[in-house]
Every structure is written in C-alpha cells, then in structure tokens.
Amino acid sequence: MELPTRIIPNPHLLQSDDLLKHIMETTVYPREPQVLKELRDATAKDPRCRAMMATAPDAGQFVALLLKLTGAKKTIELGVFTGYSLLLTALTIPQDGKITAIDTNREFYEIGLPVIQKAGIGHKIEFIESEALPVLDELLKKEANEGSYDFAYVDADKLNYWNYHERLMKLVKVGGIIVYDNTLWGGSVAADPATVGHRGGAVTQSTIQFNKSIAADPRVDISLAPLGDGITVCRRIY
C-alpha cells in the first residue's frame, strides 16, 4: 500500500491522531516524571518558544530506556532548547553522572532552568553557551576526552549533523550510543520537493544526505525509529 506523503506540522509523524493519542496516553504520559510534564508545560506557555522544537515525549521515553540499557554515565548533548531531553538524561543517569550541554541560546535554557533546579539534578549539568563545533573541536584537543563519552544526543543545527557525527565518533566510546533527532524532518524527506520552502528545502536535503551517509557508515550500527520527528540511533562499532 502506498503511504501518503503529507507533511504533519507537529513533532509526530503518525498518520492517525487517534493512534498517537493511544500511545501517548497508554504508555508515555503515565510514565513521564512530573518534572518533565512541568517543563513541557512551561515551554508550551512561553510565547518565545515553539514547543514543537522540544524533544517529543515518546522519543524521550525511548532515549531514557537507551540510557538505562547502556548504563550511560558521561554524556554530551548538542542543542538544548528549554531542556526537556537534558532533564530527562539528568534524571536517568547516576547521581555522579555528568552531561556536557551545548546550545547557542541561554535564554531558552533558562525557561526550563527552574524546573531543572527543582528536580535537584543541576550538579550533573555543565551548560556551555556556544556553537557546538568549536566546543567539540576544543574537547578533541585533549586526548583524554577521546572515547570518554558513553552517550550523545544531537538536536542542534541540522545542516551540521555530519560534521557533528565525525567529531562524536571520536568522543564517544566504542560501544557507545549517538542519537540524532529530527531525521525525518516533519516527513519532508519523503515529500515532493515542490512543497518544501527554501529554508526547509535546505534542511530537508541535508537531512536526506545525512540519512544516506549514516546508513553507509561502517563504523556504526543504526536504526531510524519513527518516534516523534524521527530519531536515528547509532552504536559505535570501532
């Protein structure tokens, strides 16, 4: 059966709203910690935010499971926004775990900061206000950082995903996990190019190329899961 190629203007790609509601109300929201609900609410209510930029709760639940399965302790996050995935990670890793969190916009981060502080996990987070590539390059100048991260989550500038990947392949340990968000980009990767605007078209084409490149990368095992806006999970092989 041929699937429709419509672009859905929200961070979920399921074709049935009723099916999405069933998933969220049955398996996601009942397990979502209260502080994550509060952070979602704070993001949705703030007029400066586009709430759809935040990590989708169903994708977040999957990320939390990956963190637990891998026993991740030292993580890095590129793209923080108001901090949903950051808070989720901090709640999941051990008390002595550490997260290096990089984003160009501290204003958005500070929207979620009161909830993060309320959760009592602020000591796990090092927030760096910067473009991601300079920070990654600086980290790689220290040999001790190579292969020292257990887990990476990427939700930053989509045009730089492959540049991030090349650097994270050195920073994340063999057997470690890298997760890329928005790898279906609202369904536009499978849409008629004529329906995608100029800016969206650039990101769409970059995402399509990234998906092809990651599939051809022999250094990783991969799975593109249709959760939220699409998340690609990579396990470093060597």
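Rules and cut-offs
- Position labels on residues start from 1 in each chain and follow its written sequence.
- Local features in a predicted model are, by the rule used here, given only for residues with pLDDT of at least 70; side-chain atom pairs are given and counted only at 80 or more, and totals for whole chains, interfaces and linings are based on all residues.
- Where side-chain values are given, they derive from all heavy atoms of the structure, hydrogens and water being excluded.
- Criterion used throughout: strands pair if DSSP finds at least two bridges between them.
- Under the scheme used here, helices are H or I runs from DSSP no shorter than 4 residues and strands are E runs no shorter than 2 residues, and both carry numbers assigned from the N terminus.
- Note on geometry: axes are C-alpha line fits, over the in-contact stretch for helices, and angles between N-to-C directions span 0 to 180 degrees.
- Any two residues having at least one pair of non-hydrogen atoms within 4.5 Å are treated as being in contact.
- Any residue under 20% of the maximum accessible area for its type is buried, any over 50% is exposed, and the rest in between are partly exposed; the area is computed with a 1.4 Å probe on protein chains only.
- By definition, the crossover connecting two strands over a helix is right-handed if that path, from the first strand to the second, turns clockwise as seen with the strands pointing away from the viewer.
- For the purposes of these results, a polar contact is taken to be a pair of N or O atoms within 3.5 Å, where, inside protein, one atom must be able to donate a hydrogen and its partner to accept one; residues adjacent in sequence count only when each atom of the pair is a side-chain atom.
- Here, nonpolar core refers to any group of buried Ala, Val, Leu, Ile, Met, Phe, Trp, Tyr and Cys residues whose side-chain atoms link them within 4.5 Å.
- The directions from the helix axis to the C-beta atoms are what the arc is built from.
- When a carboxyl oxygen of Asp or Glu is within 4 Å of a side-chain nitrogen of Lys or Arg, the pair counts as a salt bridge.
- Each residue after the first adds 1.5 Å to the expected span of a helix.
- We place a 1 Å grid over just the protein atoms. Points where a 1.4 Å probe fits but has no way out form a cavity, open points with protein on both sides within 12 Å along at least 5 of 7 lines form a pocket, and any residue with an atom within 4 Å of a point lines it.
- Grid points are joined across faces, edges and corners, and a volume is the space filled by probe spheres set on the points.
- Polar here means any residue other than Ala, Val, Leu, Ile, Met, Phe, Trp, Tyr, Cys and Pro, which are nonpolar, and Asp, Glu, Lys and Arg, which are charged; Gly is therefore polar.

Draft legend 1. Geometry of the sheet that holds strand 3 (residues 125-129). The strand order across the open sheet built from 7 strands is 3-2-1-4-5-7-6, with neighbouring strands paired in mixed fashion. Two strands bound the open sheet, and with one partner strand each, they are strand 3 and strand 6 (220-225). With direction set aside, neighbouring strand axes in the sheet form an average angle of 15 degrees. As defined by bridge partners, strand 4 (residues 149-154) adjoins strand 5 (residues 172-181) across 5 bridges and the pair is classed as parallel. The residue of strand 5 that forms the bridge with Val154 is Tyr180. Sheet strands touched by helix 7 (residues 161-171): strand 1 (74-78), strand 4, strand 5, strand 6 and strand 7 (231-236). Its angle to strand 5, the strand with the most contacts, is close to 155 degrees.

Draft legend 2. Structural detail: the pairing of strand 4. Of all 6 residues making up strand 4, 6 are buried, and the element is well covered by its neighbours. As judged from the 4 bridges shared by strand 1 and strand 4, these two strands associate in the parallel manner. Considered in strand 4, the bridge of Ile76 is made with Ala152. One crossover worth recording links strand 4 to the parallel strand 5 by way of helix 7, and it is right-handed.

Draft legend 3. Spatial organisation of the side chain of Asp217. Within the secondary structure, Asp217 sits in the loop between helix 8 (198-215) and strand 6. A relative accessible area of 6% means that Asp217 is categorised as buried. Only 2.8 Å separates the side chain of Asp217 from the side chain of His165, close enough to count as a polar contact. Within polar-contact distance, the side chain of Asp217 engages the side chain of Arg219 at 2.8 Å. Beyond its immediate sequence surroundings of up to four residues, Asp217 is in contact with Trp162 and His165.

Draft legend 4. View of the nonpolar core. Counting 33 residues, the largest nonpolar core has Leu86, Leu87, Tyr109, Ile116, Ile125, Phe151 and Val179 as its most contacted members. Excluding residues within four positions of it along the chain, Ile116 makes contact with Leu39, Leu86, Leu87, Tyr109, Ile121, Gly122 and Ile125. Leu140, Val154, Ala156 and Leu168 belong to the second largest nonpolar core, which has 25 residues in total.

Draft legend 5. Representation of helix 6 (residues 132-140) within the structure. Listed as buried for helix 6 are Ala132, Leu133, Val135, Leu136, Leu139 and Leu140. The buried residues of helix 6 all sit within an arc of 165 degrees when viewed along its axis, so they share a single face. On its buried face, helix 6 is in contact with strand 1, strand 2 (98-103), strand 3, strand 4 and helix 7.

Draft legend 6. Highlighting the pattern of salt bridges. Counted by the stated rule, this structure contains 15 salt bridges. The partner of Glu38 in a salt bridge is Lys118, and the shortest N-O contact between them spans 2.9 Å. Highlighted residues: Glu38 in helix 2 (residues 34-45) and Lys118 in helix 5 (residues 106-118), separated in sequence by 80 residues. The class for Glu38 is partly exposed, based on a relative accessible area of 23%. Two residues, Asp150 and Lys173, come together in a salt bridge whose shortest N-O distance is 3.1 Å. A residue pair is termed long-range when its members are at least 10 positions apart, and Asp150 in strand 4 and Lys173 in strand 5 qualify at 23 residues. Look at the salt bridges and you will find they share partners, linking Glu32, Lys37 and Arg40 into a network.

Draft legend 7. A look at helix 3 (residues 57-70). Here helix 3 is 14 residues long and its end C-alpha atoms lie 20 Å apart, about the 20 Å a rise of 1.5 Å per residue gives. Every buried residue of helix 3 is accounted for by Pro57, Asp58, Ala59, Gly60, Val63, Ala64, Leu66 and Leu67. Remark: Gly71 follows helix 3 within two positions and exhibits a positive phi of approximately 65 degrees.

Draft legend 8. Seen up close, empty space enclosed by the protein. Inspection of the entire model under this criterion finds 2 cavities of 30 Å³ or more. Roughly 40 Å³ of internal volume is contained in the largest cavity. Along its surface, the largest cavity is lined by Met53, Ala54, Thr55, Gly79, Val80, Phe81, Thr82, Gly83, Tyr84, Ser85 and Asp155. A breakdown of the residues in the lining of the largest cavity according to their chemical character gives 5 nonpolar, 5 polar and 1 charged.

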